[in-house]
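Observations on chain architecture
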Amino acid sequence: MSAALSRRRAAVVAALVCLALGLALAFVLSRSAPVPWINAALLVVPATLVYAIGTGFSTFYLCRAYPLNGRHPVAILGVMLVAALFAGLLWATLLQFMNSLSLLPEVPWLGVPLGQGSLLLFFGLGVLLYCLAGAVHYLLLEFVRARMAEQRGLEARLMAQQAQLRMLRTQIDPHFLFNSLNSISALTSINPAGARTMTVELASFFRQSLSLEAHKHITVVQELVLIRHFLAIEQVRFGERLRVAFAIDEAALACLLPPMLIQPLVENAVKHGICGLTDGGVIEVDVQRVGSLLRIRVGNPVEQEALSPRGNGVGLDNVRQRLLGAYGHEASVHWARQGDGFEVNIAMPAQTGSTEEE
């Protein structure tokens, strides 16, 4: 509907331009002949409309047959000049023919005395107008070509971005599965019941994560379900050494975020924080909505002697790349060690709505 409306508007604008041009040329003819303005208008305006239609079709096909990036400039200039001369001659002939028909009824308000000077004037104007129409067509073609190239570039970047996000997301499950299987293996000899419990929780975790795999974004509530499944798995391993303090803003529960964005941060807090502490500690998970931003903080205690609480895993780098791919520079992630604790802070747009399917 909008495309058809745009075409109609373009046709109306073109007709108005041709009408204005015809009236201007009629004024020029009435002054140069001299003849009554109404006589000149009744002759020149219809001829101008006919010439504009013919010129439009001619330049449309000519510019496509001789594209700027596909033909030699000399060839384009030569063909355009020949076509313009031929079009100018046709317009002068058309004016003379229409004027002859106008003189047949022998009424005072039809026909004008067309001399050689007037015909040469319209011949020159016809050549000039044809060249101008060709230039406009070339500009429009180049504009369309540039827009299409830009659109193809955007589509290519979007496809590359989506491919990168899929790759990053596929890194999460094997990474977490590897760590969980190691934990189960360690428990089989010292706590078989705990190993069975962890296996059941692991199955529940992956069942939940697979149900969300078809979505680009999930709600904070859904992400917290995954995190609680993960913590239930690790609780079997660490017992009372692992404690978690949640501070979740009610307004943030409906906000959207990429699946398993917070879970790797909690996993890092367990692996590089609680795991190295004899007495364990408290992992803090804060999710707050502040205006148009969603702020996420995950903090955990670390050993005072630990040089690199971040470790060498994929967690933090993965989160940074996923945020960059999904939100660009609208999102940020920062992490730092502060005293005997380690903290990760995420700021991202607070978006709500239904989850998006890929």
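These remarks concern the structure in this document. Everything numeric in this text was worked out from a predicted model, so none of it was measured. (Residues numbered from 1 in each chain as written. Predicted model: local features only at pLDDT ≥ 70, side-chain atom pairs only at ≥ 80, totals over all residues. Heavy atoms only, no water.)

A look at helix α7 (residues 263-272)
In terms of burial, α7 is a largely internal element, 9 of the 10 residues being buried. Along α7, the residues classified as buried are Q263, P264, L265, V266, E267, N268, A269, V270 and H272. (Buried < 20%, exposed > 50% of the residue type's maximum accessible area, 1.4 Å probe, protein only. Helix = DSSP H or I, 4+ residues; strand = E, 2+ residues; numbered from the N terminus.)

What about the pairing of strand β5 (residues 293-301)?
Bridge count between strand β4 (residues 281-290) and β5: 7 bridges; the pairing is antiparallel. Across the sheet, the residue bridging to V287 is I296, located in β5. Here β4 folds back onto β5, and the loop between the two strands holds 2 residues, one of which, G291, carries a positive phi near 65°. Strand direction decides the pairing type here: β5 and strand β7 (residues 341-349), joined by 9 bridges, are antiparallel. The residue bridging L294 from the neighbouring strand is M348, located in β7. (Pairing = 2+ DSSP bridges.)

Focus on the nonpolar core
Among the nonpolar cores identified, the biggest contains 46 residues, and I262, L294, L323, I346 and M348 are the most heavily contacted of them. Taken together, the elements giving at least two residues each to this core come down to α4 (116-190), α5 (192-211), α6 (220-238), α7, β4, β5, α8 (315-327) and β7. Counting residues per element, this core draws most heavily on α6, at 8 residues. The residues contacting L294, other than those within four sequence positions of it, are V220, A252, C255, L256, V287, Q288, I346, A347, M348, P349 and A350. Listed in part, the 25 residues of the second largest apolar core include A26, A84, V127 and Y130. (Core = buried A, V, L, I, M, F, W, Y, C linked by side-chain atoms within 4.5 Å. Contact = heavy atoms within 4.5 Å.)

Digging into the packing of α6 against α7
With their axes 10 Å apart at the nearest point, α6 and α7 run at an angle of 20° to one another. When the axes of α6 and α7 are compared, the pair comes out roughly parallel. Crossing of α6 against α7: the hand is right-handed. Of the residues in α7, those touching α6 at E223, I227, F230, L231, E234 and F238 are Q263, V266, E267 and V270. Of the residues contributing to the contact of α6 with α7, the split by class is 6 nonpolar, 1 polar and 3 charged. (Axes fitted to C-alpha atoms, helices over the stretch in contact; angles between N-to-C directions. Parallel < 35°, antiparallel > 145°, perpendicular 65-115°, else oblique. Left-handed = near helix turned anticlockwise from the far one by under 90°. Nonpolar A, V, L, I, M, F, W, Y, C, P; charged D, E, K, R; others polar.)

Points about α6
The end-to-end C-alpha distance of α6, which contains 19 residues, comes to 26 Å, matching closely the 27 Å that a straight helix rising 1.5 Å per residue would cover. Those residues of α6 not exposed but buried are V220, E223, L224, L226, I227, F230, L231, I233, E234 and F238. In the segment just after α6, G239 is the residue with positive phi, at about 65°. (Expected span 1.5 Å × (residues − 1).)

Examining the environment of Q351
Relative to the elements of secondary structure, Q351 occurs in the segment after β7. Separated by 59 residues in sequence, Q351 and S292 have C-alpha atoms that sit 8.0 Å apart. Setting aside its immediate chain neighbours within four residues, Q351 contacts A254, C255, L256 and Y327.

Here we look at the packing of aromatic side chains
Applying the stated criterion across every chain, the model contains 2 aromatic pairs. The interplanar angle of 10° and the centroid separation of 4.6 Å between the aromatic rings of Y51 and W91 together place this pair among those described as stacked. Of the two residues, Y51 sits in helix α2 (residues 37-65) while W91 sits in helix α3 (residues 73-103), which places them 40 residues apart along the sequence. The pair Y51 / W91 is uniform in exposure class, with both members buried. When the centroid spacing of 5.1 Å and the interplanar angle of 90° are considered together, the rings of F60 and Y61 count as edge-to-face. For Y61, a relative accessible area of 55% gives the class exposed. In this structure, R228 packs its charged tip against the face of F246, placed 4.6 Å from the ring centre. (Phe/Tyr/Trp six-rings, centres within 6.5 Å; stacked < 30°, edge-to-face > 60°. Lys NZ or Arg CZ within 6 Å of the ring centre and 35° of its normal.)

Nothing here speaks to function; it is geometry throughout.
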